[in-house]
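# Architecture at a glance
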Amino acid sequence: MDISVVIPLLNEEESLPELYAWIKRVMDENGYSYEVIFVDDGSTDRSWDVISALKKTSPEIKAIRFRRNYGKSPALHCAFHKAEGDVVITMDADMQDSPDEIPSLYKMIKEDGYDLVSGWKKKRYDPLSKTLPTKLFNATARKVSGVKLHDFNCGLKSYRKEVVKSIEVYNDMHRYIPYLAKIAGFNKIGEKAVHHQARKYGKSKFVGLSRFVNGYLDLLTLWFLSVFGRKPMHFFGLWGTVMFLLGFIAVIIVGANKLYAISNGIPHPLVTNSPYFYIALTMMLLGTQLFLAGFLGEIVSRNSTVRNDYKITEEL
């Protein structure tokens, strides 16, 4: 199979027939063998009924329905597991991503040898309240990840099949799939300016300040895991040891000053009256806790955890 098109969605009943017809026209014109995988992320409208109706006349359609809303990352994770195409293309269901970009994205993977190609919405049809924070977010992501992309969070991307089978997309990590691919060893990551359209139906599901705050926290988590995830003792153990030793040395100095004063008959306050004693004690306690955190992290890292357990009610 040439292409798997993955479309996560939430309450997009109006756009689905038109979007699928557009995808089908592009695929037929280029002679691709393909599948379209819809992931209904707990929609409360008629989205699943629309998908079921399309499935009756279109065997290329596959679909997954979540019992409740889990988010875009779980939707992509489950679709990636199901995808069979040599090239996997993701796009949003709101028709702001153009299926006409599919042939060029496919060629960049198959002919130009890219592992991943990310769309770049050079001209956006979003409000200023969304575009300005997005630019700041992308600048930070470029700096931290070392992946030189203008638009990390663009829903329109193409992947070599091996990439989607090698990465784990969980929580809200869909924003950082290029970074996840880099960590997994897929370094040929490209970018393509794509056409962005104004939303035709419904309203955006990604609103509010929390998504930007969570985005930065996820980036910090991903950076830490990429550097210390497999060897947490290298971080916690190092700083725990440093803090403990500094605290221990400080306690020795405080105690030595006290003994020196006693041996020479010099009046000296109680050790517990010195603020340095408590600072030293605190550093030793924190150092011990950090070291234990590293030790526990090592134990946890050696045990696989089930992070992607999602309740699927129906599949087509």
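Refer to the structure printed above.
These notes cover the structure that comes with them.

Turning our eyes to something else, we now look at unusual backbone geometry. Non-glycine residue N11 carries a positive phi angle of around 55°. For N11, a relative accessible area of 24% gives the class partly exposed. Positioned with a positive phi, M95 is a non-glycine residue whose angle comes to about 70°. Mapped onto the secondary structure, M95 falls in the loop between β4 (87–90) and α4 (102–110).

On to empty space enclosed by the protein, then. Empty space among the atoms becomes apparent when a probe as large as a water molecule is rolled across them. With the rule as written, the count across this model stands at 1 cavity of 30 Å³ or more. Its boundaries defined by the atoms lining it, the largest cavity holds a volume of some 80 Å³. Considering the residues around the largest cavity, the lining is formed by 13 residues, among which K72, L76, T90, C154 and G155 are closest to the centre. Mapped by element, the contributors of at least two residues to the lining of the largest cavity are α3 (72–82) and β6 (157–160).

Counted according to the given criterion, the structure contains 6 aromatic pairs. Ring centres 4.9 Å apart and planes at 55° place the aromatic pair Y32 and Y106 in the tilted group. You can see Y32 sitting in the loop between α1 (16–30) and β2 (34–40) and its partner Y106 sitting in helix α4, a full 74 residues away along the chain. Comparing Y32 with Y106 shows no difference in burial state: the two are buried. Judged by centre distance (5.3 Å) and plane angle (80°), the ring pair of F277 and Y278 falls under edge-to-face. A relative accessible area of 43% means that Y278 is categorised as partly exposed.

Let us look at the pattern of salt bridges. In the structure shown here, the tally under the stated rule is 11 salt bridges. In this structure, the salt-bridge partner of K192 is E101, at a minimum N-O distance of 2.7 Å. In this pair, K192 is assigned in strand β7 (residues 189–193) and E101 in the loop between β4 and α4, connecting sequence segments 91 residues apart. There is no split in this pair, since K192 and E101 are both buried.

Calculation criteria
Residues numbered from 1 in each chain as written. Predicted model: local features only at pLDDT ≥ 70, side-chain atom pairs only at ≥ 80, totals over all residues. Heavy atoms only, no water. Buried < 20%, exposed > 50% of the residue type's maximum accessible area, 1.4 Å probe, protein only. Helix = DSSP H or I, 4+ residues; strand = E, 2+ residues; numbered from the N terminus. 1 Å grid on protein atoms, 1.4 Å probe; cavity = no way out; pocket = protein on both sides within 12 Å on 5 of 7 lines; lining within 4 Å. Points joined across faces, edges and corners; volume = space filled by probe spheres on them. Phe/Tyr/Trp six-rings, centres within 6.5 Å; stacked < 30°, edge-to-face > 60°. Salt bridge = Lys/Arg side-chain N within 4 Å of Asp/Glu carboxyl O.

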